[in-house]
Amino acid sequence: MSNASEILVDRKPRKRRLSAKQKASSLFHLWHSIQDVKEEAEHMNDGELVLLIGMVELLVEERTAGLSKAHGSALSAADTARPN
């Protein structure tokens with residue numbers, strides 16, 4: 001075998017990290033999407049799905065609360081327009 005330094009590895013380009021404002025905006029849009037799914041589950045009278053979506057909703061809310069503590073007014077600076 002050849003030397004390990006000669007092995008070429010295909011590397012994916014690194015993704016750029018989101019800013020606090022971008023994270024807050026993404027979480028806000030995700031939260032609204034979850035609300036839509038939860039509403040649909042309620043219309044279908046599927047209690048288990050409503051419970052599951054409610055737990056996901058709480059996880060997103062916890063992440064949002066952690067983001068607001070870590071970055072102060074990042075959530076207030078987020079794009080709060082309702083997603084299409």
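Residues numbered from 1 in each chain as written. Predicted model: local features only at pLDDT ≥ 70, side-chain atom pairs only at ≥ 80, totals over all residues. Heavy atoms only, no water.

1. Some words on the environment of Leu27
Turning to step 1, where the next piece is worked out: Relative to the helices and strands, Leu27 is located in helix H1 (residues 20-43).
Turning to step 2, where the next piece is worked out: Sequence spacing of Leu27 and Glu61 is 34 residues, and the spatial spacing of their C-alpha atoms is 8.5 Å.
Turning to step 3, where the next piece is worked out: Those residues within four positions of Leu27 in sequence are excluded, and the remaining contacts are Val60, Arg63, Thr64 and Leu67. (Helix = DSSP H or I, 4+ residues; strand = E, 2+ residues; numbered from the N terminus. Contact = heavy atoms within 4.5 Å.)

2. Thoughts on H1
Turning to step 1, where the next piece is worked out: Under the 1.5 Å per step criterion, the end-to-end length of H1 is 35 Å for 24 residues, consistent within 8% with the ideal 34 Å.
Turning to step 2, where the next piece is worked out: At the exit of H1 stands Asn45, carrying a positive phi of roughly 55°. (Expected span 1.5 Å × (residues − 1).)

3. A closer look at a positive patch on the surface
Turning to step 1, where the next piece is worked out: A contiguous patch of positive charge on the surface is contributed by Arg11, Arg14, Arg17, Lys23 and Arg63.
Turning to step 2, where the next piece is worked out: Among the secondary structure elements, Arg14 is positioned in the segment before H1.
Turning to step 3, where the next piece is worked out: According to the relative accessible area criterion, Arg14 is exposed, its value standing at 83%. (Patch = residues over 30% accessible without salt bridge, like charges linked within 9 Å, V, L, I, M, F, W, Y side chains within 5 Å. Areas by Shrake-Rupley, 256 points an atom, 1.4 Å probe, with all protein chains shown as cover. Salt bridge = Lys/Arg side-chain N within 4 Å of Asp/Glu carboxyl O. Lys, Arg positive; Asp, Glu negative; His and termini not counted. Charge placed at Lys NZ, Arg CZ, Asp CG, Glu CD. Buried < 20%, exposed > 50% of the residue type's maximum accessible area, 1.4 Å probe, protein only.)

Read these as geometric descriptors, not functional statements.
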